[in-house]
Amino acid sequence: MFGKPNFDALAFGAHPDDVEICCGGTLAKLADSGYKTAIVTLTSAELGTRGDSETRGREFAEAARILGTSYHKMLDIPDGGVSCAEAYRLKVVREIRELRPRIIFSHHWESRHPDHHHACRLVQEAVFFAGLPRIDTGQEPWRPYKLIFYFNRFETEPDFVVDISATFERKMQAVRAYRSQFHGEDMDKYGDRETAISHPGFLDHIEVRGRQYGIYIGKQYAEPFVVREALEIEDPVALFGPSSYYSVP
Ligand SMILES: [Zn+2]
């Protein structure tokens, strides 16, 4: 019923920097493997305490370049106003049909920022509606093969983790590209109010989380993911190699 995919992986984030923090290492790893990746943000983060949309747009472009993505775009859904309104759903449906990704990454449903919570639902609905031929956007319908949720704050049992030891440094470079948001040398340029993510410890948190999930699989760094449906495995023998079993000595 559906044609061929165009992109391999598309990551949605409510705001520029969400994707980099939560699955930047995985996106860089996929790009290194020759996969075509994309990042789309729902908003331009105009409510952000530090910096402005224009600055954030430049930082986003730099981060996307560092992660080796082939496409990046900011949608114009209002920051702080992400919802499943039909107009917003259609914007996301259009992106999905344009990019025709095999897999999609998006926010987990439990998150501190209300936009993240709504983004989870919005992307989930858009993935469904993108596959319905009678939702008319003038494009061919497309149904991604899997919707995968990322998270970084609340405790959630991951369904799988991805080893990002080889790309962790690039992930952090992409995060630090948001110079208006995170602690760095010239951050005074972007305002004097400290936020939950502008204090120096926040970058350490990202590293600690990476190490924590790395421990799960005996690797240096990893990123955790959740899926809603059971994971079908065609060939468990081929999937599991000697490194699948890890026990702390
Ligand atoms: Zn966010």
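Further up the page is the structure itself.
Everything numeric in this text was worked out from a predicted model, so none of it was measured.

1. Re the pairing of strand β5 (residues 146-150)
Now for step 1: Note: strand β4 (residues 101-107) against β5, five bridges, orientation parallel. By the bridge assignment for β5, Phe105 is matched with Ile148.
Now for step 2: After leaving β4, the chain enters helix α4 (residues 114-129) and then returns to the sheet as β5, a path that is right-handed.
Now for step 3: Two elements, β5 and strand β7 (residues 222-226), share two bridges in a ladder whose sense is antiparallel. Bridging from a neighbouring strand, Tyr150 pairs with Phe225 of β7.

2. A short note on the environment of Ile217
Now for step 1: Looking at the element boundaries, Ile217 is found in the loop between α6 (201-216) and β7.
Now for step 2: Here Ile217 falls in the partly exposed class, since 16 other C-beta atoms lie within 10 Å of it.
Now for step 3: With 55 residues separating them in the primary sequence, Ile217 and Val162 have C-alpha atoms 8.9 Å apart.

3. Notes on the sheet that holds strand β3 (residues 71-74)
Strands pair in a sheet through their backbones, by hydrogen bonds, and they do so in one of two ways: parallel or antiparallel.
Now for step 1: In space, the seven strands of this open sheet follow the order β3-β2-β1-β4-β5-β7-β6, with mixed pairing throughout. Of all strands in the sheet, those bounded by a partner on one side alone are β3 and β6 (160-163). Sheet twist, expressed as the mean angle between neighbouring strand axes with direction ignored, is 25°.
Now for step 2: Pairing of strand β1 (residues 7-13) with β4 involves four bridges; the strand directions are parallel. If you follow Phe7 over to β4, its bridge partner there is Pro101.
Now for step 3: Seen against the sheet, helix α2 (residues 53-66) touches β2 (37-41) and β3 and runs at an angle of roughly 160° to β3.

What counts, and where the lines are drawn
- Residues numbered from 1 in each chain as written.
- Predicted model: local features only at pLDDT ≥ 70, side-chain atom pairs only at ≥ 80, totals over all residues.
- Pairing = 2+ DSSP bridges.
- Helix = DSSP H or I, 4+ residues; strand = E, 2+ residues; numbered from the N terminus.
- Right-handed = clockwise from strand over helix to strand, strands pointing away.
- Buried ≥ 20, exposed ≤ 12 C-beta atoms within 10 Å, placed from the backbone.
- Axes fitted to C-alpha atoms, helices over the stretch in contact; angles between N-to-C directions.
- Contact = placed C-beta atoms within 7 Å.

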